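What the coordinates show
Single-letter residue listing:
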Amino acid sequence: MKSSMRARLEHLSRRLVELDAMLAEPDAANDMGQFRKLSRERAEIEPVVNAFAAFESAESDLEGARHMLDDPEMKAMALEEIDDCKSRIESLETELQLQLLPKDPDDGRSVFLEIRAGTGGDESALFSGDLLRMYSRYAEQKGWKVELMSESPSELGGYREVIVRLDGEGVYGRLKFESGAHRVQRVPATETQGRIHTSACTVAVMPEADAATEIVINPSELRIDTFRASGAGGQHINKTDSAVRITHLPTGLVVECQDDRSQHRNKDKAMQVLAARLKDKVLRERHDKEAAERKSLVGSGDRSERIRTYNFPQGRLTDHRINLTLYKLANIMEGDLEEVTGALIAEHQAELLAALGDNV
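Residues numbered from 1 in each chain as written. Predicted model: local features only at pLDDT ≥ 70, side-chain atom pairs only at ≥ 80, totals over all residues. Heavy atoms only, no water.

Another aspect to go through is the nonpolar core. In a soluble, globular protein the nonpolar side chains are often hidden away together inside. Core analysis: the largest hydrophobic core is formed by 36 residues, its most contacted members being Leu113, Ile115, Leu131, Met134, Tyr135, Leu166 and Tyr310. Breaking this core down by element, the ones donating at least two residues are strand E1 (111-117), helix H4 (121-142), strand E3 (159-167), helix H5 (171-175), strand E5 (197-207), strand E11 (324-326), helix H8 (329-333) and helix H9 (338-359). Sorting elements by how many residues they give to this core places H4 first, with 7 residues. With near-sequence residues (within four places) excluded, tyrosine 310 lies in contact with Phe127, Leu131, Met134, His182, Arg183, Val184, Gln185, Arg316, Leu317, Leu329 and Met333. In terms of nonpolar packing, the next biggest core, distinct from the first, is built from 22 residues, Leu16, Ile45, Phe52 and Ile89 among them. (Core = buried A, V, L, I, M, F, W, Y, C linked by side-chain atoms within 4.5 Å. Buried < 20%, exposed > 50% of the residue type's maximum accessible area, 1.4 Å probe, protein only. Helix = DSSP H or I, 4+ residues; strand = E, 2+ residues; numbered from the N terminus. Contact = heavy atoms within 4.5 Å.)

Spelled out as structure tokens, the structure:
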């Protein structure tokens, strides 16, 4: 293990002792904000410290086994113990490297998932509905809550645009590599000659912004329009100006919400989405700057980039960024996304490890 890595782990071990002492203070819970902050920090570093303790224990066992080599009767046992210790040390060092990788501060956040129909007309809108169903099923499996924020349905089904909030622990960390262009190849239900059509949707995964501390929106920079909601919603919704459109003048970003009967709730939803879009804009600008310095396979955040193809005749999903091909499209469309998202996260971690090695 490199001395710089060991020094960092020893520092975290001392920090855990400090945190335990601070949290054990009789008045620790008087400031709940500070108490939660310290508790989160402790929860983050405890697994790292435990893994380091196991690593040091394996090192100690290895040293003991080497001393046994001088005893002829113990030599065979010692050699077996040495092999076992070396294997444990190698495994634990890899685990510790992963745990020490730079953390994305947004990984634990809930997200706004935005799906827009692109090229392909009605078929694209239908596929946007299929994607929403896929992500909603995945969210159910993960125990996340799905809340509809805004929708623009297509006449033949699906959506021209739909935005949902996925609320839960670690949603962004799991789904952040879903942003980009999703291409579908299949025979549309309206196709009489059995020809395969290609269409595309754009997916954006935006971490929820903490409006109080991260994104400051000046009310004077907003134009807020109200209008009567269109489409389904019952008699009441069409008689009142409950729909809200907010335009952020400096950036030109526009958000509409009309799915609630309450104008106040629609405005709240629209402001949440606007804050997330502004945060997303900042993140993408930062990613673009980083990508100019080092090309990233999975973290570019470029919405125009074609990231994935769903080929229905072949039952095949291909993620073009990491050359992943899976012949289980039916299961994936039912929300079985864990293998896909896991492969993207693993590739990203491999990139970070390679960069870490280059910088040492």
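There is more to say, and it comes next.
For the rest of this paragraph, the subject is the packing of helix H2 (residues 32-67) against helix H3 (residues 75-99). Interaxial distance between H2 and H3 falls to 9 Å at its minimum, and their mutual angle equals 160°. In terms of axis orientation, H2 runs roughly antiparallel to H3. Once H2 is placed against H3, the crossing between them reads as left-handed. Residues of the contact of H2 with H3, tallied by class, amount to 15 nonpolar, 2 polar and 8 charged. (Axes fitted to C-alpha atoms, helices over the stretch in contact; angles between N-to-C directions. Parallel < 35°, antiparallel > 145°, perpendicular 65-115°, else oblique. Left-handed = near helix turned anticlockwise from the far one by under 90°. Nonpolar A, V, L, I, M, F, W, Y, C, P; charged D, E, K, R; others polar.)

Before going further, it helps to spend a moment on the sheet that holds strand E8 (residues 253-257). An order of E6-E7-E8 is seen for the 3 strands of this open sheet, with the pairing classed as antiparallel. Here the strands that pair on one side only, and so sit at the sheet edges, are strand E6 (222-227) and E8. Each strand axis lies, on average, 15° off the axis of its neighbour in the sheet, ignoring direction. (Pairing = 2+ DSSP bridges.)

The general pattern is negative phi for most residues beyond glycine and trans for most peptide bonds. With phi around 55°, asparagine 323 is a residue other than glycine that occupies positive phi space. Along the chain, asparagine 323 falls in the loop between strand E10 (316-319) and E11.

Quick look at the environment of glutamate 191 now. On the secondary structure map, glutamate 191 appears in the loop between strand E4 (180-186) and E5. In this structure, the C-alpha to C-alpha distance between glutamate 191 and leucine 79, residues 112 residues apart in sequence, is 69 Å.

So, about the packing of helix H1 (residues 3-23) against H2. It is at 8 Å that the axes of H1 and H2 come closest, and there the two elements cross at 135°. On the basis of their axis angle, the class for H1 and H2 is oblique. Note on packing geometry: the crossing formed by H1 with H2 is left-handed. Of the residues contributing to the contact of H1 with H2, the split by class is 13 nonpolar, 2 polar and 9 charged.

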